[in-house]
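Secondary and tertiary structure notes
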Amino acid sequence: PYGRVFNFSAGPAVLPVEVLEQAQADLLNWQGSGMSVMEMSHRGKEFQSIIDGAEADLRALLAIPDNYQVLFMQGGASSQFSAIPLNLSAEGDTLDYIVTGSWSKKAAGEAKKYGKVNVVATGDNKSVPDPSSWKLSPDAKYVHYCDNETIQGVEFKAPPVVGDKVLVADMSSNFCSKPVDVSKYGLIYAGAQKNIGPAGVTIVIVRDDLIGNSRPSTPVMLDYKVQADDKSMYNTPPCWAIYMCGLVFAKMRRDGGLAAVQQANEKKAKVLYDAIAGSNGFYSSPVDAAARSMMNVPFTIPANADLEKEFVSQAAKHSMIQLKGHRSVGGMRASIYNSMPLDGVQQLANFMKEFAVNSA
Ligand code: PMP
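A quick note: this is a predicted structure, and the numbers were derived from the prediction, not measured.

With that settled, the discussion passes to the overall build of the chain. Looking only at helices and strands, the chain features 9 helices and 13 strands. Relative to its length of 360 residues, the chain is compact, with a C-alpha radius of gyration of 21 Å against a globular reference of 21 Å. Across its three principal axes, the chain shows a C-alpha extent of roughly 60 × 55 × 30 Å. By the burial criterion, 46% of the 360 residues in the chain qualify as buried.

Another aspect to go through is unusual backbone geometry. Most peptide bonds are trans, and most residues other than glycine sit at a negative phi. Omega for the peptide link from Gly11 to Pro12 comes to -10°, which places this bond in the cis form. By the element assignment, Pro12 lies in the loop between strand E1 (6-7) and helix H1 (17-26). In the Ramachandran plot, Lys231 falls in the positive-phi region, its phi being about 50° despite a non-glycine side chain. For Asn280, which is not a glycine, the phi torsion comes out positive at approximately 55°. For Asn280, a count of 8 C-beta atoms within 10 Å puts it in the exposed group.

Around the ligand lies a shell formed by Gly11, Gly76, Ala77, Ser78, Trp103, Cys146, Thr150, Asp170, Ser172, Ser173 and Gly191. When its residues are assigned to classes, the shell around the ligand shows 3 nonpolar, 7 polar and 1 charged.

Turning our eyes to something else, we now look at the nonpolar core. Among the nonpolar cores identified, the biggest contains 101 residues, and Leu187, Ile203, Ile242, Cys245 and Ile336 are the most heavily contacted of them. Broken down by element, this core gets its largest block of residues, 10 residues, from helix H6 (residues 239-254). Two domains each provide a minimum of three residues to this core, namely domain 1 (17-254) and domain 2 (257-359). When neighbours within four sequence positions are excluded, Ile242 is seen to be in contact with Ile50, Ile51, Ala54, Phe72, Val201 and Pro237.

Attention shifts here to helix H7 (residues 257-277). A rise of 1.5 Å per residue sets the reference length of H7, with its 21 residues, at 30 Å; its end C-alpha atoms lie 30 Å apart and thus fit the reference within 8%. Looking at H7, one finds that the buried residues are Leu258, Asn265, Lys268, Ala269, Leu272 and Ala275. In an axial view of H7, the angular spread of the buried residues amounts to 115°, which keeps them on one side of the axis. Turned more than 90 degrees off the buried face of H7, the exposed positions are Ala259, Gln263, Lys267 and Asp274. Those residues of H7 that are buried lie in contact with helix H2 (45-62), strand E11 (296-299), strand E13 (332-335) and helix H9 (342-359).

Moving on, we come to the domain arrangement of the chain. Partitioning the chain into structural domains gives domain 1 (17-254) and domain 2 (257-359). Look at where the C-alpha atoms of domain 1 and domain 2 centre, and you get two points 27 Å apart. Secondary structure elements with two or more residues in the side of domain 1 that touches domain 2: strand E7 (154-155) and H6.

Turning to the packing of H2 against H6, a few remarks are in order. Running from N to C, H2 and H6 point in directions that differ by 40°, and their axes come no closer than 8 Å. With respect to H6, the element H2 is oriented oblique. H2 and H6 meet at a crossing whose hand is left-handed. Touching Phe47, Ile50, Ile51, Gly53, Ala54, Asp57, Leu58, Ala60 and Leu61 of H2 are Cys239, Ile242, Tyr243, Cys245, Gly246, Phe249, Ala250, Met252 and Arg253, all from H6. Its residues assigned to classes, the contact of H2 with H6 shows 14 nonpolar, 2 polar and 2 charged.

Taking 1.5 Å as the rise per residue, helix H3 (residues 76-88) with 13 residues should run 18 Å; its terminal C-alpha atoms sit 18 Å apart, in good agreement. Where H3 bends most, the angle comes to about 30°, and this point is Ser82, followed within four residues by the proline Pro85. If you check which residues of H3 are buried, you get Ala77, Gln80, Phe81, Ala83, Ile84, Pro85, Leu86, Asn87 and Leu88.

With respect to burial, strand E9 (residues 187-191) is a largely interior element, 5 of its 5 residues being buried. Of the two faces of E9, the one carrying Leu187, Tyr189 and Gly191 and the one carrying Ile188 and Ala190 are both buried. Relative to E9, strand E8 (residues 167-170) is paired through 3 bridges, and the arrangement is parallel. Its bridge partner lying in E9, Val168 is registered against Leu187.

The next point concerns the UniProt feature "domain: Aminotransferase class V" (unreviewed entry) in the chain. Summarizing the sequence annotation, UniProt attributes the feature "domain: Aminotransferase class V" (unreviewed entry) to residues 5-348 in the numbering used throughout. For residues 5-348, the end-to-end C-alpha separation is 12 Å, with 33% helix and 16% strand making up the annotated structure.

The rules behind these values
- Residues numbered from 1 in each chain as written.
- Predicted model: local features only at pLDDT ≥ 70, side-chain atom pairs only at ≥ 80, totals over all residues.
- Helix = DSSP H or I, 4+ residues; strand = E, 2+ residues; numbered from the N terminus.
- Rg over C-alpha atoms; globule rule 2.2 N^0.38 Å.
- Buried ≥ 20, exposed ≤ 12 C-beta atoms within 10 Å, placed from the backbone.
- Near = placed C-beta within 6 Å.
- Nonpolar A, V, L, I, M, F, W, Y, C, P; charged D, E, K, R; others polar.
- Core = buried A, V, L, I, M, F, W, Y, C linked by C-beta atoms within 7 Å.
- Domains from an automatic or database assignment.
- Contact = placed C-beta atoms within 7 Å.
- Expected span 1.5 Å × (residues − 1).
- Arc of directions from axis to C-beta.
- Axes fitted to C-alpha atoms, helices over the stretch in contact; angles between N-to-C directions.
- Parallel < 35°, antiparallel > 145°, perpendicular 65-115°, else oblique.
- Left-handed = near helix turned anticlockwise from the far one by under 90°.
- Bend = angle between axes of the 7 residues up to and from the residue.
- Pairing = 2+ DSSP bridges.
- UniProt positions renumbered as here; feature names shortened; annotations may be inferred.

Dropping the structure here:
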């Protein structure tokens, strides 16, 4: 309907039609308030009910324990690269980073401005390095890792085991794609624009004891204590983005919660990885089977890389867009976040088959 395409973008990414329709219906007059969510005071009772509802639904989805705060922050996940060391460490502290791809590398790079970064392990962009090779430091304030590397398509299948260290996770590209035991983490953060909403809001889930120790130089907007005390409304929050995330959370709950979401995602990912495996080597996945992402599926045409461009442009003619791999790695990448329907993935798998036959 609506002439929509199958959008395999890595983010901003596809949203559920049902949610977009709800937003459309609410656009001029949200629930009889006589105004749109974009026009409301963030201090009014209407918006308060929207942000409270979004938080309550997210807490229910992830079963977030009471001793964690949910913060709706701005500046993207990239701002958290700085906020984390500023809030969780003092000058001169050691900070552990596991590097498994571009985003964890960027996070570690930013943290170097604020502390002594110890790179625990560096991956080969196609696997999670064997934990027996990790060099955790005894005194690190936290261990940071990226649960799903959006560009490489490398995903952790279980949280890294870091003993009694505070575990910090960038879940930007697999947030709410599966149930997560929040109690294993000190902090989880995620930009909204892949799995849960439009760009503009970043979710931070942080344990109470990690709040209130920011460095004096921390910008007020990045200070978890300020954001927690002011319930994410120290200043004007990204109201519209929060509202949209709230609609997505509510839909996920209606659809059976994160266990159901995970099931659907596993099914979709299997369709694509099977299409690659069943192509007699025409397509190849650059990622080891044990670390293949359920969200971002990179693949190549190893025998003839020239065909990759052709693949992307022909797919677009069939209404499957944004299949070009990240400029740093090439090839193709299909991002199949929560809101990508199974239909879209099946259509892509069928197209892959046809393209391979026609190119032989
Ligand atoms: N981390 C990961 C895993 C990402 O995929 C991205 C965005 N592609 C970022 C961080 C940066 O997010 P933002 O653009 O919201 O700063």
